[in-house]
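Survey of secondary and tertiary structure
Here's the letter readout for the chains.
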Amino acid sequence: MKSTRLTKITAAIIVAAMLATALCSCGSQVALTLNGDNGVTYTASKSLVDFIMVYVKQNTFISNGWHSGYDIESIWTQKYDGDTTFDQYLTSNAVSQLRSMLVEEYLFDKYSLTIDPANLAKLKEQKKSLEAQGRGAYKQYYGFTTDQLYEYLLIVEKSGAVNEYLYGENGTDKVNDSDKETYYTENFKGYQYIMFDMNNKVVVDEDGNKVRTTTTDKDGNTTENDEYKTEKMTDEEKDDKAILPDTVLQQIKAGGDFAELAEKYSDSYLSVKYKEGVFVTSSILTEASAKEKVDALEIGDVSDVITVGDGEYSYIVKRVPLIEKVYDEETHPEYAELFENYTENVQDEKYSKLIEKYIDSVTMDEEIINTLSMQKTYLSKSVNYAYQQSYYSNN
């Protein structure tokens, strides 16, 4: 799903994270412009461009659990998609956010909206609190001024107001049944699959039933997880299993029931839990060659044996028709977990399409945009603090 929707963050999150950035002191140099049909011109300064660049870079590091040692050329020059490098992908993402922000400011005025006074007062109070640390010291340590942070968060508030106006409790364009159905039929595909773990076998109980892993909480309550318990195979067992995928594929081609064979042979619990298929917006396999094979399947087609992970896993995949309204919890409660955020995803899609109506009206100073590079963008060592916090909380 394409989405240019501005990430919604609060001042509290920004302050708590203390994301240090270094902004270019470029005054009011204009990098992007949107001439609204309301007679107002909306602009993004070079300073804001630099802010978004460092924001995207730092959040990428934090979300991936990376420390500053990952800020090396090999990270940025690796191919993300086709001939696009990771640097180019993230830079393009940052520019897309900037273009969205201008459109959202325009929509804020178009719909005659206002910022919630309580939220505005909270932002001003936080700005004043931060300034008490000493403006010079604050900028030197964090790399941006409280004014720049405040300006950015005002745009975030405007974005939030637009979303509330459209999709809130009394929204003018709330997600309806037609929106849900359209999003489903235009974006989803269905697959059944059988997964073979070529190094491990599923543990079975004394009755021959596959055993799932469990989690026990602090009160001693045990819950079964959606995965099978496995154990290492001997070399002899590996040799026997090496021919199993092809044997099962032949059974399928001979008319064997795919769901029944998955229940018997698959080492993935989810392929058994969702025996009628999993329904996704992208391929169920991500390795390039495997994805290409799965994406080529038409409804009713069964793949050959697909090997991934340097031979660690093998898959047989079948493309299946979409189940009518599988996203509806009332009619298909068994799929509720997979579609937990479905309405929000449909809302994001509607919002993206709204933004796209105006996005081409945003003009850019190519001289400025062409100089942007995530690899060259400043990265604060504060990401190391986030890395340490994450490391110790998980160990």
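Residues numbered from 1 in each chain as written. Predicted model: local features only at pLDDT ≥ 70, side-chain atom pairs only at ≥ 80, totals over all residues. Heavy atoms only, no water.

1. Remarks on the pairing of strand β5 (residues 189-197)
To keep things clear, this is the line we draw: Per-residue accessibility, obtained with a 1.4 Å probe over protein chains only, is compared with the maximum for each type, and a residue is labelled buried under 20%, exposed over 50%, and partly exposed between these values. Numbering goes from the N terminus for both helices and strands, where a helix is a DSSP run of H or I of at least four residues and a strand is a run of E of at least two. Note: two strands are recorded as paired if DSSP finds a minimum of 2 bridges between them.
β5 sits mainly inside the fold: eight of its nine residues count as buried. Bridge count between β5 and strand β10 (residues 278-280): three bridges; the pairing is antiparallel. Along β10, the bridge assignment pairs G190 with F279. Here β5 runs beside strand β12 (residues 313-320); their pairing, made up of eight bridges, is antiparallel. Counted as the bridge partner of M195 is Y315 from β12.

2. Looking at the confidence of the model for the chain
Residues shown with low pLDDT carry predicted positions that ought not to be read at fine detail. What counts here: Confidence scores per residue from the predictor, reported as pLDDT, run from 0 to 100. Residues count as neighbours in contact if any of their non-hydrogen atoms are within 4.5 Å of one another.
Overall, the predicted model of the chain reaches an average pLDDT of 88, with 90% of residues at or above 70. Below a pLDDT of 50 lies the segment residues 1-27, which in the model reaches 83 contacts outside its immediate sequence neighbourhood of four places, other chains included.

3. Description of the pattern of salt bridges
Note the threshold: Just to be clear on terms, a salt bridge is a Lys or Arg side-chain nitrogen sitting within 4 Å of an Asp or Glu carboxyl oxygen.
Counted according to the given criterion, the structure contains 17 salt bridges. We note a salt bridge from D226 to R212, for which the minimum N-O separation is 3.6 Å. Taken as a pair, D226 in strand β8 (residues 222-228) and R212 in strand β7 (residues 212-216) lie far apart in primary sequence, 14 residues in all. For D226, a relative accessible area of 29% corresponds to the partly exposed category. Taking the shortest distance from any N to any O, the salt bridge between D295 and K291 comes out at 2.7 Å.

4. Structural notes on the packing of helix α5 (residues 117-131) against helix α7 (residues 146-167)
Selection rule: Note on geometry: axes are C-alpha line fits, over the in-contact stretch for helices, and angles between N-to-C directions span 0 to 180 degrees. In what follows, roughly perpendicular refers to angles from 65 to 115 degrees, roughly parallel to angles under 35, roughly antiparallel to angles over 145, and oblique to any angle outside these ranges. Each helix crossing is assigned a hand: it is left-handed if the near helix lies turned anticlockwise from the far helix by less than a right angle, otherwise right-handed if that turn is clockwise.
Between α5 and α7, whose axes approach to 10 Å, the crossing angle comes to 165 degrees. Accordingly, the angle class assigned to the pair α5 and α7 is roughly antiparallel. The crossing of α5 and α7 is right-handed. Residue-level contacts link N119, L120, L123, K124, K127, L130 and E131 of α5 to T146, D147, L149, Y150, L153, L154 and E157 of α7.

5. Focus on the sheet that holds β10
Across the sheet, four strands lie side by side as β10-β5-β12-β11; this open sheet has antiparallel pairing. Two strands in the sheet have a free side with no partner beyond their single neighbour: β10 and β11 (306-308). Adjacent strand axes in the sheet meet at a mean angle of 45 degrees, parallel and antiparallel pairs treated alike. The sheet contacts of helix α11 (residues 258-265) involve β5 and β12, and relative to β5 the element is tilted by about 30 degrees.

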